Amino acid sequence: MSDEELFEAIKAGDGDALSLLYDRYSPMVYRISKRLIEDDREVQEVVQDVFTRLWTTSARYPAYGEFDQWLCVIARRIAIDHLRREKRHADVQLANVETYSDCPDTYEATEMAVDRKLLKEELLSAIGKLREDQQVILHRAYFLGYTLREIATSLQVPVGTVKTRLHQGLMNLRATMASWEKEENSGQDR
């Protein structure tokens, strides 16, 4: 059965469908959670929360793309929520909240740090999936600061070829990273 069919079966109360999706996606959810949370016990709690959410939710948001991408968004958000809860419990001992009123919101700062870390990992992963010639050009242009002419000279190819490969590489990256843009835009609507 497809992911969508299994999700429809879950909404109808089919526990076996949930079990199949758990078997299919729990390793991915675990990996996403493990990137954010060090303690394995806490990571297991997040995994359980993600699949509990699948069991109790009645809608899937197509704006997040395919089912597995949607599940990644859920896993990431639940892991971040878990980090926030843990941070709140750790901060309970603070004596006077007003003392810290001029400080930036630590929960927002935590979320931003997590987002930056995940974005960097996803970006590096996306770059690694590009063709090697596109990777080389992107690396030289954006990480080393080479001009297009310098890249062309070092690779012994015409400048037009460098431009084409750079453009194709950026378009491939944009397509791969589209889920981040969708998530960022949906976060601004809240």
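Residues numbered from 1 in each chain as written. Predicted model: local features only at pLDDT ≥ 70, side-chain atom pairs only at ≥ 80, totals over all residues. Heavy atoms only, no water.

Engineer: Explain the nonpolar core to me, please; I cannot follow it from the model alone.
Structural biologist: Taken as a class, soluble globular proteins show a tendency for nonpolar side chains to be buried jointly. Val-29, Val-50, Phe-51, Leu-54, Phe-67 and Leu-71 are the most contacted members of the largest nonpolar core, which has 28 residues in total. Of all the secondary structure elements, the ones that give two or more residues to this core are helix 1 (3-11), helix 2 (15-36), helix 3 (40-56) and helix 4 (67-91). If we ignore the near neighbours within four places in the chain, the residues touching Leu-71 are Tyr-25, Met-28, Val-29, Val-50 and Leu-54. Among the nonpolar cores identified, the runner-up in size contains twelve residues, and Ala-126, Ile-127, Ile-151 and Val-162 belong to it. (Core = buried A, V, L, I, M, F, W, Y, C linked by side-chain atoms within 4.5 Å. Buried < 20%, exposed > 50% of the residue type's maximum accessible area, 1.4 Å probe, protein only. Helix = DSSP H or I, 4+ residues; strand = E, 2+ residues; numbered from the N terminus. Contact = heavy atoms within 4.5 Å.)

Engineer: Help me out: how do you make sense of the pattern of salt bridges in this one?
Structural biologist: It is possible for side chains of opposite charge to pair when their charged atoms get near one another. This structure, assessed with the given rule, holds six salt bridges. As a salt-bridge pair, Glu-8 and Lys-11 come within 3.1 Å of each other at their nearest N and O atoms. Taken as a pair, Glu-8 and Lys-11 lie in helix 1 at a separation of three residues, close to a single helical turn. By relative accessible area, Glu-8 is classed as partly exposed at 43%. Judged by relative accessible area, Lys-11 falls into the partly exposed class, the value being 36%. (Salt bridge = Lys/Arg side-chain N within 4 Å of Asp/Glu carboxyl O.)

Engineer: For this particular structure, what's the right way to read the packing of aromatic side chains?
Structural biologist: To describe a pair of aromatic rings, you give the distance between the ring centres and the angle between the ring planes. One pass over the structure, following the stated rule, counts five aromatic pairs. Between the aromatic rings of Phe-7 and Phe-67, the centroid separation amounts to 6.0 Å while the plane-to-plane angle is 50°, which identifies the pairing as tilted. Of the two residues, Phe-7 sits in helix 1 while Phe-67 sits in helix 4, which places them 60 residues apart along the sequence. Both rings, one in Phe-67 and one in Trp-70, keep their centres 5.5 Å apart while their planes meet at 55°; by these two values the pair is tilted. Taken together, the residues Phe-67 and Trp-70, both in helix 4 and three residues apart, mark about one turn of the helix. Residue Phe-67 is classed as buried on the basis of its relative accessible area, which comes to 2%. Judged by its relative accessible area of 3%, Trp-70 is buried. Three or more aromatic residues link up through ring pairs in this structure, and these residues are Phe-7, Tyr-25, Phe-67 and Trp-70. (Phe/Tyr/Trp six-rings, centres within 6.5 Å; stacked < 30°, edge-to-face > 60°.)

Engineer: What exactly am I supposed to notice about the side chain of His-82 here?
Structural biologist: Considering the arrangement of structural elements, one finds His-82 in helix 4. You can call His-82 buried: its relative accessible area is 2%. Apart from the residues within four sequence positions on either side, His-82 is in contact with Ile-37, Glu-42, Glu-45 and Val-46.

Engineer: I'm lost on the packing of helix 6 (residues 132-143) against helix 7 (residues 148-155) in this one. Help?
Structural biologist: When two helices pack together, their arrangement is captured by the angle between the axes and the distance separating the axes. Running from N to C, helix 6 and helix 7 cross one another at 135°; their axes reach a closest spacing of 10 Å. Regarding the angle of helix 6 to helix 7, the classification is oblique. The handedness of the crossing between helix 6 and helix 7 is right-handed. Taking contact as the criterion, the partners of Val-136, Ile-137, Arg-140 and Ala-141 in helix 6 are, on helix 7, Ile-151, Ser-154 and Leu-155. (Axes fitted to C-alpha atoms, helices over the stretch in contact; angles between N-to-C directions. Parallel < 35°, antiparallel > 145°, perpendicular 65-115°, else oblique. Left-handed = near helix turned anticlockwise from the far one by under 90°.)

Engineer: Would you explain a nonpolar patch on the surface in this entry?
Structural biologist: Together, Tyr-142, Phe-143, Leu-144, Tyr-146 and Leu-170 line one region of the surface with nonpolar side chains, adding up to about 500 Å² of accessible area. Within the secondary structure layout, Tyr-146 lies in the loop between helix 6 and helix 7. Assessed through its relative accessible area of 34%, Tyr-146 is described here as partly exposed. (Patch = residues over 30% accessible without salt bridge, like charges linked within 9 Å, V, L, I, M, F, W, Y side chains within 5 Å. Areas by Shrake-Rupley, 256 points an atom, 1.4 Å probe, with all protein chains shown as cover.)

Engineer: Quick question: what am I supposed to make of the environment of Met-177 here?
Structural biologist: Note that Met-177 resides in the loop between helix 8 (159-176) and helix 9 (178-188). With a relative accessible area of 12%, Met-177 lands in the buried category. When residues no more than four places from it in sequence are discounted, the contact partners of Met-177 are Leu-119, Glu-122, Leu-123 and Ala-126.

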